[in-house]
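Per-entry structural report
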Amino acid sequence: MKILLLEDDLGFQESVCEFLQTLGYEVTAVSDGQEACDLIEKNFYHLFILDIKVPGVNGHEVIKYIRSLNPNAPIMITTSLVDIGDMAIGYELGCNEYLKKPFELKELLIRMQALIKRNFSHQNGEDIKIL
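Residues numbered from 1 in each chain as written. Predicted model: local features only at pLDDT ≥ 70, side-chain atom pairs only at ≥ 80, totals over all residues. Heavy atoms only, no water.

Attention shifts here to the packing of aromatic side chains. With the rule as written, the count across this model stands at three aromatic pairs. Taking 5.4 Å as the distance between ring centres and 75 degrees as the angle between the ring planes, the aromatic pair formed by Phe 12 and Phe 103 counts as edge-to-face. A residue pair is termed long-range when its members are at least 10 positions apart, and Phe 12 in helix H1 (residues 10-22) and Phe 103 in the loop between strand E5 (97-100) and helix H5 (105-119) qualify at 91 residues. Take Phe 103: its relative accessible area is 11%, and that puts it in the buried class. (Phe/Tyr/Trp six-rings, centres within 6.5 Å; stacked < 30°, edge-to-face > 60°. Helix = DSSP H or I, 4+ residues; strand = E, 2+ residues; numbered from the N terminus. Buried < 20%, exposed > 50% of the residue type's maximum accessible area, 1.4 Å probe, protein only.)

If you want it as structure tokens, here you go:
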């Protein structure tokens, strides 16, 4: 499964990448929103994990760009923005999951797995295998 991670805190980015890669996920990590948009234009990702306050194009604009190309792509926001208004904006733009920082990596995994199951299961409930 291919994941695009947008996170400008390089230490945190590295921790998330290492954690997910040890579980077998293919993670592409970037720290700039414009770089994320450039990759999204050229590549397919099964899941997007986006911070909001990043250099260049912010995470909200990245969500809009993703939705313009793929209205059903699973998108998770991970952010230190904890105001209910910020959360509302994320959901209005089309995120599927909102995870407030700080969080444990195990919580990220649990929420990712639930999001993946919702988006990549047959109607009869069987998971679709993604290579």
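Bringing the environment of Glu 26 into the picture now. Looking at where Glu 26 falls in the secondary structure, it is placed in strand E2 (residues 26-30). Among the residues examined, Glu 26 registers a relative accessible area of 46% and is labelled partly exposed. C-alpha of Glu 26 to C-alpha of Ile 3: the two residues are 23 residues apart in sequence and 6.1 Å apart in space. With residues near it in sequence (within four places) discarded, Glu 26 still touches Met 1, Lys 2 and Ile 3. (Contact = heavy atoms within 4.5 Å.)

Another point: the sheet that holds E2. Adjacent strands of a sheet pair through backbone hydrogen bonds, lying either parallel or antiparallel. The strand order across the open sheet formed by five strands is E2-E1-E3-E4-E5, and the pairing between neighbours is parallel. Looking along the sheet, the strands with just one partner apiece sit at the ends: E2 and E5. Here the average twist between neighbouring strands, direction ignored, is 20 degrees. Packing against the sheet, H1 makes contact with strand E1 (2-6), E2 and strand E3 (47-50), and its axis sits at approximately 170 degrees to E2. Across the sheet, helix H2 (residues 33-42) is in contact with E1, E2 and E3; its angle to E1 comes to roughly 160 degrees. (Pairing = 2+ DSSP bridges. Axes fitted to C-alpha atoms, helices over the stretch in contact; angles between N-to-C directions.)

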